Amino acid sequence: MKTATALALVSAVSGAVIEPRQTRPATEFDVTDFSASCQPHSVLCFFSFNVAAAGTTATTTCSATVQGPDSLPAVGLRACDDPRFSWAFERATDGAGHGLTVDWESTPGSANQTGTHHIPAADVVSENHGSVTTERYVGPAAFVISPLREQQ
């Protein structure tokens, strides 16, 4: 009780307002444990990764189970465990690779920071499982998404 009273008195005397720490803009997104694959003899595909906004304490896990059935499908923008983060997987139709986009709202009402990582076509392989062929990501599990851009 004495500590709370002392803090209130110091704040009142100094004119300082004690507010929650503001989150600053990230310099990049650090992605770890990225995996994407379709389950053989199933209609389901799985995406999972961790993301951290570099230069901040913001970090979360993003994942989804979606219908494939055999090829990694496009995944529309969806929330991560921390809803300030969202992500999407774009499937290229021209064979040039795919894209993983991460979006982050650092503070409510601020411009979102967005970045996209290009996934080369060679990092997604087709595997023959007898009667079906499925796709799986085989590239690096950790990578950096940079540069980031702001958008409303």
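Residues numbered from 1 in each chain as written. Predicted model: local features only at pLDDT ≥ 70, side-chain atom pairs only at ≥ 80, totals over all residues. Heavy atoms only, no water.

Enquirer: What should I look at first to understand the pattern of salt bridges in this one?
Expert: Counted according to the given criterion, the structure contains three salt bridges. Note that Arg91 is salt-bridged to Glu135, the shortest N-O span being 3.0 Å. Here the residue Arg91 occupies a position in strand β5 (residues 85-91), and Glu135 occupies one in strand β9 (residues 133-137), the gap between them amounting to 44 residues. With a shortest N-O distance of 2.7 Å, Glu127 and Arg136 are connected by a salt bridge. Under the relative-accessibility criterion, Glu127 is labelled partly exposed at 22%. (Salt bridge = Lys/Arg side-chain N within 4 Å of Asp/Glu carboxyl O. Helix = DSSP H or I, 4+ residues; strand = E, 2+ residues; numbered from the N terminus. Buried < 20%, exposed > 50% of the residue type's maximum accessible area, 1.4 Å probe, protein only.)

Enquirer: Just to check I follow, could you spell out the side chain of Thr101 for this structure?
Expert: Turning to its location among the elements, Thr101 is positioned in strand β6 (residues 98-104). Residue Thr101 is classed as buried on the basis of its relative accessible area of 12%. Within the local environment of Thr101, its side chain forms a polar contact with the side chain of Glu90, the two groups lying 3.1 Å apart. (Polar contact = N/O pair within 3.5 Å; in protein donor to acceptor, adjacent residues only side chain to side chain.)

Enquirer: How should I be thinking about the state of the cysteines in this particular structure?
Expert: What makes a disulfide is a covalent bond joining the sulfur atoms belonging to two cysteines. Within the structure shown, the criterion is met by two disulfides. Disulfide partner of Cys38: Cys45, at an S-S distance of 2.0 Å. Around the S-S axis, the bridge from Cys38 to Cys45 shows a dihedral of about 95° and counts as right-handed. In terms of burial, Cys38 and Cys45 fall into one category: buried. Each disulfide pairs two cysteine sulfurs, and for Cys62 the partner residue is Cys80, the sulfurs being separated by 2.0 Å. Across the disulfide from Cys62 to Cys80, rotation about the S-S bond amounts to roughly 90°, and the bridge is consequently right-handed. (Disulfide = S-S within 2.5 Å.)

Enquirer: Before we go on, may I ask you to explain unusual backbone geometry in this structure?
Expert: Among all residues save glycine, negative phi is the norm, and among peptide bonds the norm is trans. In this structure, Pro69 follows Gly68 across a cis peptide bond, with omega equal to 0°. For Pro69, the location among the structural elements is in the loop between β3 (59-67) and β4 (75-79). Here the bond from Ser146 into Pro147 is cis, since omega is 0°, no more than 30 degrees from zero. Inspection of the secondary structure assignment puts Pro147 in the loop between β10 (143-145) and β11 (149-151). Here the phi dihedral of Asp33 falls at roughly 55°; this positive angle occurs in a residue that is not glycine. Notably, His41 is not glycine yet its phi reads approximately 60°, a positive angle.

Enquirer: So what exactly am I meant to see when it comes to the packing of aromatic side chains here?
Expert: To describe a pair of aromatic rings, you give the distance between the ring centres and the angle between the ring planes. Scanning the entire structure with this criterion turns up eight aromatic pairs. Aromatic side chains Phe34 and Phe143 sit 5.7 Å apart centroid to centroid with 65° between the ring planes, which places their arrangement in the edge-to-face category. Within this pair, whereas Phe34 is found in strand β1 (residues 29-38), its partner Phe143 is found in strand β10, the two being separated by 109 residues in sequence. The exposure classification of Phe34 matches that of Phe143, with both residues buried. (Phe/Tyr/Trp six-rings, centres within 6.5 Å; stacked < 30°, edge-to-face > 60°.)

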